[in-house]
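Structural description and commentary
As a plain string of letters, each chain reads:
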Amino acid sequence: MDAIAPPRPLDPTPPRPDRPLAAPVGALHMAVEVEVAHLANPLVAVARLLASEAGAHARVVGDEAAFDVVVALPGPAAADDAEAWVRWAVHNAGVRGRLSRRAG
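Residues numbered from 1 in each chain as written. Predicted model: local features only at pLDDT ≥ 70, side-chain atom pairs only at ≥ 80, totals over all residues. Heavy atoms only, no water.

1. Focus on the packing of aromatic side chains
Selection rule: Each aromatic pair joins two rings of Phe, Tyr and Trp (for Trp, the six-membered one) with centres within 6.5 Å, and gets the label stacked for planes under 30 degrees apart, edge-to-face for over 60, and tilted for any other angle. Labels follow the DSSP assignment, with helices taken as runs of H or I lasting at least four residues and strands as runs of E lasting at least two, numbered in each case from the N terminus. The cut-offs for exposure are 20% and 50% of the maximum accessible area for each residue type, with area from a 1.4 Å probe on protein chains only; residues under the lower value are buried, those over the upper are exposed, and the others partly exposed.
As enumerated under the stated definition, the model contains one aromatic pair in all. The interplanar angle of 80° and the centroid separation of 5.5 Å between the aromatic rings of Trp 85 and Trp 88 together place this pair among those described as edge-to-face. Of this pair, Trp 85 and Trp 88 both sit in helix 2 (residues 79-92), separated by three residues, roughly a single helical turn. The class of Trp 85 is partly exposed, set by a relative accessible area of 36%.

In structure tokens:
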């Protein structure tokens with residue numbers, strides 16, 4: 001016979017901060033204009049590939065037509081490497097389109 005633990009009240013949720021964290025000072029900003037997306041949710045696919053394969057801390061926001069990728073850089077010399085990883089992740093996420101580096 002399985003014993004069932006009596007329910008207990010949930011711990012209260014800590015208060016939500018009023019504003020989000022700012023982007024890191026050293027960051028690569030890439031814009032993606034989507035021509036074709038072969039997967040149902042390309043933004044999630046790009047974010048997961050960057051995290052799992054490149055070990056990147058990245059933010060991917062937008063929609064199926066266009067999105068931005070912001071990658072935190074470990075140092076100023078890493079921007080070209082980060083751009084190569086973004087291009088790789090976007091392609092392997094099934095997205096075809098135009099990528100461009102943004103000032104930021």
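Next comes the rest of the write-up.
2. Section: helix 1 (residues 42-54)
Put simply, the rule reads: Each helix should span, by expectation, one fewer than its residue count multiplied by 1.5 Å. As used here, the arc is the angular range of directions from the helix axis to the C-beta atoms. When checking whether two residues touch, look at their non-hydrogen atoms; a contact exists if any pair is within 4.5 Å.
For helix 1, with 13 residues, the first-to-last C-alpha span of 17 Å sits near the 18 Å given by 1.5 Å per residue. Along helix 1, the positions that sit buried rather than exposed are Pro 42, Leu 43, Ala 45, Val 46, Leu 49 and Leu 50. Down the axis, helix 1 shows its buried residues gathered within 165° of arc, on one side only. Pointing more than 90 degrees away from the buried face of helix 1 are the exposed residues Arg 48 and Ser 52. In this structure, the buried side of helix 1 is in contact with strand 1 (27-37), strand 2 (58-62), strand 3 (66-72), helix 2 and strand 4 (95-102). Positive phi appears at Gly 55, one or two residues downstream of helix 1, with a value of about 65°.

3. Brief notes about the pairing of strand 1
Walk down a regular strand and you will see the side chains alternate between the two sheet faces. Formally: When DSSP locates at least two bridges between a pair of strands, those strands are taken to pair.
Summarising the sheet, strand 1 and strand 3 pair through seven bridges and their orientation is antiparallel. Across the sheet, the residue bridging to Ala 27 is Ala 72, located in strand 3. Of the pairings in the sheet, the one linking strand 1 to strand 4 comprises eight bridges and is antiparallel in character. Bridge pairing links Met 30 to Arg 101 in strand 4.

4. Notes on the packing of helix 1 against helix 2
Defined as follows: Structural elements are reduced to axes, namely lines fitted to C-alpha atoms, with helices fitted over the stretch in contact, and the angle between N-to-C directions of any two is expressed from 0 to 180 degrees. Orientation categories follow fixed angle ranges, with anything under 35 degrees roughly parallel, anything over 145 roughly antiparallel, 65 to 115 roughly perpendicular, and all other angles oblique. Left-handed describes a crossing whose near helix is turned anticlockwise from the far helix through less than a right angle; right-handed describes the clockwise counterpart. Only Asp, Glu, Lys and Arg are considered charged in this grouping, and only Ala, Val, Leu, Ile, Met, Phe, Trp, Tyr, Cys and Pro are considered nonpolar; every other residue, Gly among them, is considered polar.
With their axes 9 Å apart at the nearest point, helix 1 and helix 2 run at an angle of 125° to one another. In terms of orientation, helix 1 and helix 2 fall into the oblique class. Handedness of the crossing formed by helix 1 with helix 2: right-handed. Here Val 46, Leu 49, Leu 50, Glu 53 and Ala 54 of helix 1 lie close against helix 2, whose contacting residues are Trp 85, Val 86, Trp 88, Ala 89, Val 90 and Asn 92. Counted by class, the contact of helix 1 with helix 2 contains nine nonpolar, one polar and one charged residues.

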